[in-house]
Amino acid sequence: MPAATSIKRKKGIRIERPFIIGSEAWPLDPSTRKSDTPPDHTKGWRIYVRVPDGQPAISTWLKKVTFKIFHTYENPSRVVENAPFEITETGWGGFNVDVRLFFVSEASAKPEWRSHYLQLEPYGGEELQAKQASTQMVRSDFLDFVEFNEPTDAFYELLTGDEQFDQGRRGRGKGKGKAKAAKIVSNGEGSVELPEKETPDNPFARSSEKQLLEMLASAEAKIDELLVEEKTKNEQTLEELGELRRSLGQVEGISL
Ligand code: SLL
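Cut-off values and rules
Residue numbers restart at each chain and count upward from 1, following the sequence in its written direction. It should be noted that, the model being predicted, local features are given only for residues of pLDDT at least 70 and side-chain atom pairs only at 80 or more, the latter also being counted only at that level, while totals for whole chains, interfaces and linings use all residues. Calculated side-chain values reflect all of the structure's heavy atoms, with hydrogen atoms and water omitted. Secondary structure is summarised from DSSP: a helix means a run of H or I of at least four residues, a strand means a run of E of at least two, and numbering begins at the N terminus for each. When accessible area is computed with a 1.4 Å probe and restricted to protein chains, residues below 20% of their type maximum are described as buried, those above 50% as exposed, and intermediate ones as partly exposed. The contact criterion used throughout is that any non-hydrogen atoms of two residues lie within 4.5 Å. Here the Shrake-Rupley method, with its probe set to 1.4 Å, supplies the accessible areas, and only the displayed protein chains count as covering residues. The rule for a residue being near a molecule or strand is that one of its heavy atoms must lie within 4 Å of it. Contacts described as polar in this section are N or O atom pairs within 3.5 Å, which, within protein, must combine one atom able to donate a hydrogen with one able to accept it, while residues neighboring in sequence count only if both atoms come from side chains. Under this grouping Gly is polar, as are all residues other than the nonpolar Ala, Val, Leu, Ile, Met, Phe, Trp, Tyr, Cys and Pro and the charged Asp, Glu, Lys and Arg. Following DSSP output, two strands are said to pair if at least two bridges run between them. Only the stretch in contact is used when fitting a helix axis, every axis being a line fitted to C-alpha atoms; angles between N-to-C directions are given from 0 to 180 degrees.

1. A look at the overall build of the protein chain
Step number 1: Across its full length, the protein chain holds three helices and nine strands.
Step number 2: From first element to last, N terminus to C terminus, the protein chain shows the α and β order β-β-β-β-β-β-β-α-β-α-β-α.
Step number 3: When the 256 residues of the protein chain are sorted by exposure, 32% land in the buried category.
Step number 4: In the protein chain, 64% of the contacts between residues at least 6 apart in sequence involve partners at least 24 apart.
Step number 5: Accessible surface for the protein chain amounts to roughly 17000 Å². Of this, 54% is attributable to carbon and sulfur atoms.

Below, the structure written as structure tokens:
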């Protein structure tokens, strides 16, 4: 029998990925209304999970999304297996949508839940409502993060490799071209995953990281210096105050 293979993980590394959960709603145009749209439906809407523009392909880490919509809809648990991770529907009222994120198998990570309120009616301040009226679009979206703690070796390769910038490789994604890599948080001195030298495409390199670390170290040294100066001044002031108190005591014959 083959030995059980344990999944190797990158110790002390956490990789964060930003994403957006949002919805858009618009009034249904009577002239383009489909014949099978229920008569009480007044709005078209869409709910989506995507990455902010310029980020690597979402499919690098996200495999599948289920949107659990209001129970009266037909087939209320909608499964989307490829980017763009979104569904489009019609309706008359807003409700909470349960959004379940399933990660790629390399992640060996449990799915995560999020909740998003499907906002159909205009909301917000005067300026926002004016924009919603002029564009005939009510958008409500939020930035969120997933954190992959101690990713598996295979997943780490995906999250730091070049393939994530190739939008076609693992399904379609929004955004284009190369982008800054995901935020990598390491508990070590530097980031082993950065290339040696920066290039026009990638300003993040070990050489620039070293410069930054040096800048931080010298800033810390300066702060220490200022603190010592401040402490000395403080001690002097206290000493002067003590002297004043003593001389006042001598004059008035009391001790303070
Ligand atoms: C609630 N806000 O949470 C209400 C429910 C349901 C909206 C709103 C049509 C659904 C369908 C639709 O827009 N429902 O045709 O099945 O109680």
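Moving on, there is more to tell.
2. What to know about the site of the ligand
Step number 1: Residues in close proximity to the ligand include His41, Phe70, Thr72, Tyr73, Gly91, Trp92, Gly93 and Gly94, which together make up its full environment.
Step number 2: At 2.7 Å, a side-chain N or O of His41 approaches an oxygen atom of the ligand.
Step number 3: Contact with the protein chains hides 70% of the accessible area of the ligand, taken as 450 Å² for the molecule alone.
Step number 4: Along the lines of polarity and charge, the residues of the shell around the ligand split into three nonpolar, five polar and no charged.

3. Quick notes on unusual backbone geometry
Step number 1: Backbone torsion omega between Ala83 and Pro84 reads 0 degrees, so that peptide bond is classified as cis.
Step number 2: Checked against the element boundaries, Pro84 lands in the loop between strand 4 (77–80) and strand 5 (85–91).
Step number 3: Although it is not a glycine, Asn75 sits at a positive phi angle of roughly 50 degrees.
Step number 4: Residue class for Asn75 comes out exposed when judged on its relative accessible area of 51%.

4. Considering the sheet that holds strand 4
For sheets, the rule is that strands pair by backbone hydrogen bonds, running either parallel or antiparallel.
Step number 1: Strand order across the open sheet formed by four strands is 4-3-6-7, with antiparallel pairing between neighbours. Either end of the sheet is taken by a strand with one partner, and the two such strands are strand 4 and strand 7 (112–117). The mean angle between the axes of side-by-side strands here comes to 20 degrees, regardless of whether they run parallel or antiparallel.
Step number 2: With four bridges connecting them, strand 3 (residues 62–68) and strand 4 associate as antiparallel partners. By the bridge assignment, Val65 is partnered in strand 4 with Val80.

5. Some details on the environment of Ile13
Step number 1: Within the fold, Ile13 resides in strand 1 (residues 13–27).
Step number 2: Sequence-wise, Ile13 and Tyr156 are 143 residues apart; in three dimensions their C-alpha atoms are separated by 9.4 Å.

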